[in-house]
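# Close look at the chain arrangement
The lines below spell out each chain.
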Protein chains: 2
Amino acid sequence: MILSKTCNYAIRALLYVATRKSDNFVPVREISQKLDLSFHFLSKIHLILIQHHLTTSSRGVKGGVSLARPAEDITIYDIIEAVDGNAMFQNCVLGLENCSDDHPCPLHHSWSEYRLNLKKIFQEVTLADLAEKINNEQVRLSNITEILD
Amino acid sequence: MILSKTCNYAIRALLYVATRKSDNFVPVREISQKLDLSFHFLSKIHLILIQHHLTTSSRGVKGGVSLARPAEDITIYDIIEAVDGNAMFQNCVLGLENCSDDHPCPLHHSWSEYRLNLKKIFQEVTLADLAEKINNEQVRLSNITEILD
DNA sequence: GTAATTAAAGATAAAAGAGTCTTAAATCAA
DNA sequence: TTGATTTAAGACTCTTTTATCTTTAATTAC
Ligand code: SF4
Ligand code: SF4
């Protein structure tokens, strides 16, 4: 898989929050139940997201997490970078070193172009874009049938 | 990383064998020394490659491994498929299910195109292509400086 | 202030990936 | 045939990732 499970869950969780589109905080417990993911594991993932300023949180009654900025301003790339880092968008696909545009191997040209393209794909899609599709039921967030009710 | 370490090592090992271009078997020990990789770990990786008919092997004095077909006929994709499988070229990047061309989410179009493209990149480059570049010293197989002597 | 609620933090555990080690089997050379 | 060499096979260990559990701290409602 291109993305780690942690990253997958992070994206799904934020998508869920984005579809709720209330200004209130969304409890992690609610997210974990709707997405059928481990509550504690999700909590940990949210710490990462908070540290990277993708979300804010509040404790106590009525607490939970919420997006730090409008869903329109959070790209999938932002989430991937926060969780998995950006090595994927920079490293040689074969794990080789000492390669450059000056001394390209047969893979270099296509790979460097591809790598850039991958980044662009993720940067071009925001949480808002995906959330809209989810609300239109053209895509779903979890493998269980009942998800958003 | 896109590819597993095991897969990286497998590619490097086969590239080394390809650059040797002798009809003799190449001992795994030699490969591991030249590439500065664990002998036993490489041995294990070679079992996979042999099982997938990418290499053949011979025990005993003069034994070792060799490519099962000409280097021109082994693509990087063949190696990746053998070691890491092909999930990467088929699965949804977000780990979601129940998606199709009929109900695409905003990522779907670019991703499915990208996924196909990735496969193509790997399928278009053979061991022979890369081995030639290595022999021309335009790329190297290991991070240690002395490698092919 | 008290109780209920919820995230924060960190210890622990299970699973997967990466790497090591030992023994067995095959092959070759003398 | 014997000994050296080299892969085959499998047990084992270490590390990282994934997941669980427990305790603490903050917030709200009353
Ligand atoms: S030239 Fe590009 S693809 Fe080839 S080894 Fe270097 S970074 Fe990787
Ligand atoms: S439509 Fe494509 S990108 Fe979107 S969830 Fe489905 S497979 Fe993934």
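Each chain carries its own residue numbering, running from 1 in the written order of its sequence. Note on labels: chains are lettered from A, ligands numbered from 1, in written order. Residue-level local features of this predicted model are given only where pLDDT is at least 70; pairs of side-chain atoms are given and counted only at 80 or more, and the full residue set underlies all totals for whole chains, interfaces and linings. No hydrogens and no water enter the side-chain calculation; it runs on all heavy atoms of the structure.

## Description of the site of ligand 2
Proximity criterion: a residue is near a molecule or strand once any of its heavy atoms comes within 4 Å of it. Inspection of the region around ligand 2 gives B:C92, B:L96, B:C99, B:P104, B:C105, B:L107 and B:H108 as its neighbouring residues. Each residue is assigned to one class: nonpolar for Ala, Val, Leu, Ile, Met, Phe, Trp, Tyr, Cys and Pro, charged for Asp, Glu, Lys and Arg, and polar for all the others, Gly among them. Class assignment of the residues belonging to the shell around ligand 2 gives a composition of 6 nonpolar, 1 polar and no charged.

## Regarding the protein's contact with DNA strand C
Around DNA strand C, a shell composed of 26 residues is seen, among which A:V28, A:S57, A:R59, B:S38 and B:K44 lie nearest. Across the atoms of DNA strand C situated within 4 Å of the protein, the share located in sugar and phosphate is 66%. Separating a base nitrogen of DNA strand C from a side-chain N or O atom of A:K44 is a distance of 3.4 Å. The contact in question runs from a phosphate oxygen of DNA strand C to an N or O atom on the backbone of B:K5, over 3.3 Å. Elements supplying a minimum of two residues to the surface near DNA strand C: helix 3 (39-51) and strand 1 (55-58) of chain A together with helix 1 (5-20) and helix 3 (39-51) of chain B. Here a polar contact is recorded for every N or O atom pair within 3.5 Å, except that within protein the pair must consist of a potential hydrogen donor and a potential acceptor, and residues adjacent in sequence are included only if both atoms are side-chain atoms. The secondary structure listing takes helices from DSSP runs of H or I that are at least 4 residues long and strands from runs of E that are at least 2 residues long, numbered from the N terminus.

## Things to note about the packing of aromatic side chains
Working definition: rings of Phe, Tyr and Trp (its six-membered ring) pair if their centres are within 6.5 Å, and the pair is stacked with planes under 30 degrees apart, edge-to-face with planes over 60 apart, and tilted otherwise. Evaluation of the coordinates by the stated rule reveals 11 aromatic pairs over all chains. With centroids separated by 3.7 Å and ring planes inclined at 25 degrees, the aromatic side chains of A:Y114 and B:Y114 adopt a geometry described as stacked. You can see A:Y114 sitting in helix 5 (residues 108-124) and its partner B:Y114 sitting in helix 5 (residues 108-124), one on each of two chains. One aromatic cluster is present, built from ring pairs that chain together A:Y77, A:F89, A:W111, A:Y114, A:F122, B:Y77, B:F89, B:W111, B:Y114 and B:F122.

## Comments concerning the relation of the copies chain A and chain B
We place the copies in one frame by least squares, fitting the C-alpha atoms of every residue whose pLDDT is at least 70 in both. Once chain A is rotated about the relating axis by 180 degrees and shifted along it by 0.0 Å, it coincides with chain B to within an RMSD of 0.1 Å. Here the two chains are linked by the operation of a two-fold rotation axis. Residue A:I2, judged by its C-alpha, is the member of chain A lying nearest the rotation axis, at 2.8 Å. Interface residue correspondence from chain A to chain B reaches 100%, placing this contact among same-surface, isologous pairings. For this analysis, residues touch if any pair of their heavy atoms sits within 4.5 Å.

## Thoughts on the interface of chain A and chain B
How big an interface is tends to be expressed through the accessible area that disappears when the partners come together. Listed per partner, the contact involves 38 residues of chain A and 38 residues of chain B. We define buried area as the total accessible area lost by two parts upon association, computed with a 1.4 Å probe and summed across both. Summed over both sides, the interface between chain A and chain B buries roughly 3700 Å², with carbon and sulfur atoms accounting for 69% of that surface. Here a salt bridge means any side-chain nitrogen of Lys or Arg lying within 4 Å of a carboxyl oxygen belonging to Asp or Glu. At the junction of chain A with chain B, the criterion picks out 0 salt bridges. The interface formed by chain A and chain B includes 1 residue pair in polar contact (both at pLDDT 80 or more). Of all the elements in the fold, those that place two or more residues in the side of chain A that touches chain B are helix 1 (5-20), helix 5 and helix 6 (127-135) of chain A. For the side of chain A that touches chain B, the leading source of residues is helix 5 of chain A, giving 7 residues. Of the residues assigned to the side of chain A that touches chain B, the class counts are 24 nonpolar, 9 polar and 5 charged.

## Considerations on the nonpolar core
Nonpolar side chains in soluble globular proteins tend to be buried together. Remark: nonpolar core denotes a set of buried residues (Ala, Val, Leu, Ile, Met, Phe, Trp, Tyr, Cys) joined through side-chain atoms within 4.5 Å. Exposure classes here rest on a 1.4 Å probe applied to the protein chains alone. A residue is buried below 20% of its type maximum, exposed above 50%, and partly exposed in between. Ranked by internal contacts, the top residues of the largest apolar core, which has 100 residues, are A:I79, A:F122, A:L127, B:I79, B:L107, B:F122 and B:L127. Once residues within four sequence positions are removed from consideration, A:I79 is found in contact with A:C7, A:A10, A:I11, A:L14, A:L49, A:L54, A:I74 and A:L127.

## Let's talk about the environment of B:P27
By secondary structure assignment, the location of B:P27 is in the loop between helix 1 and helix 2 (28-35). Along the primary structure B:P27 and B:E113 are separated by 86 residues, whereas in three dimensions their C-alpha atoms are 41 Å apart.

## Let's talk about the environment of A:I48
Residue and element names in this part refer to chain A. As for its placement among the helices and strands, I48 is situated in helix 3. Sequence separation between I48 and A82 is 34 residues; the distance between their C-alpha atoms is 7.3 Å. What I48 contacts, discounting residues up to four positions off in sequence, is A82 and V83.

## Section: unusual backbone geometry
Residue and element names in this part refer to chain B. Phi angles above zero are rare outside glycine, and D36 is one such case at about 60 degrees. When you line up the elements, D36 lands in the loop between helix 2 and helix 3. Positive phi is not limited to glycine here, since H53 has a value of about 60 degrees. The topology assignment puts H53 in the loop between helix 3 and strand 1 (55-58).

Take it as geometry only, folks, not as evidence of what the structure does.
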